[in-house]
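Okay, here's what each chain looks like letter by letter:
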Amino acid sequence: MSTPQAAQGTEAADRTMRCFLTYSGVKLPLQLSQELHPASLRHRNTYFRAEYDAQGRMRRCDKIVYGEVEMRHDYAYDAAGALREAVITSAHEDEPQVLVFGAG
């Protein structure tokens, strides 16, 4: 029998981190483009860092500006793989914005 903590460890192990220069479009989840090699990050002031699950779905996206997280998107998906929820947190806002999709 697995514990919730063990399940979280397995889930985290199935995730990959990638970095990008920019994004395109206005639809969520963000469509990141121009992937950056990890070695080039030390010369970048601004970039996007994204975490993907084993199915290739973006779970988290951070906008990094001068080494600090300026904005974060956390995404949750339904069993069919459609975006169910986006939580958008900004360093300039007190409360995160929660968007719920497909609730109708």
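Rules used in this analysis
- Residues numbered from 1 in each chain as written.
- Predicted model: local features only at pLDDT ≥ 70, side-chain atom pairs only at ≥ 80, totals over all residues.
- Heavy atoms only, no water.
- Pairing = 2+ DSSP bridges.
- Helix = DSSP H or I, 4+ residues; strand = E, 2+ residues; numbered from the N terminus.
- Axes fitted to C-alpha atoms, helices over the stretch in contact; angles between N-to-C directions.
- Core = buried A, V, L, I, M, F, W, Y, C linked by side-chain atoms within 4.5 Å.
- Buried < 20%, exposed > 50% of the residue type's maximum accessible area, 1.4 Å probe, protein only.
- Contact = heavy atoms within 4.5 Å.
- pLDDT = per-residue confidence, 0-100.

Draft legend 1. Main features of the sheet that holds strand S6 (residues 83-90). The strand order across the open sheet built from seven strands is S2-S1-S3-S4-S5-S6-S7, with neighbouring strands paired in antiparallel fashion. For this open sheet the edge positions go to strand S2 (31-36) and strand S7 (97-100), each flanked by a neighbour on one side alone. Taking the axes of each pair of neighbouring strands and ignoring which way they run, one obtains an average angle of 30 degrees across the sheet. Strand direction decides the pairing type here: strand S1 (residues 16-24) and strand S3 (residues 46-52), joined by five bridges, are antiparallel. By the bridge assignment, Met 17 is partnered in S3 with Glu 51.

Draft legend 2. Seen up close, unusual backbone geometry. Pro 29 follows Leu 28 through a cis peptide bond whose omega is -5 degrees. With respect to the helices and strands, Pro 29 occurs in the loop between S1 and S2. Of note in the backbone geometry, Gln 34 takes a positive phi value of approximately 60 degrees without being a glycine. Tracing the backbone shows Gln 34 in strand S2.

Draft legend 3. Broad picture of the nonpolar core. Residues Leu 32, Met 58 and Tyr 75 are the most contacted members of the largest nonpolar core, which totals 13 residues. Every residue in contact with Leu 32, bar those within four places of it in the chain, is listed here: Phe 20, Thr 22, Tyr 23, Phe 48, Ala 50, Tyr 52, Met 58 and Cys 61. Counting five residues, the second-largest nonpolar core is a separate cluster that includes Leu 36, Leu 41, Tyr 47 and Ile 64.

Draft legend 4. Layout of the confidence of the model for the chain. With 86% of its residues at a pLDDT of 70 or more, the chain shows a mean pLDDT of 88. For the stretch residues 1-10, pLDDT sits under 50, and the model shows zero contacts to residues farther than four places along the chain or on other chains.

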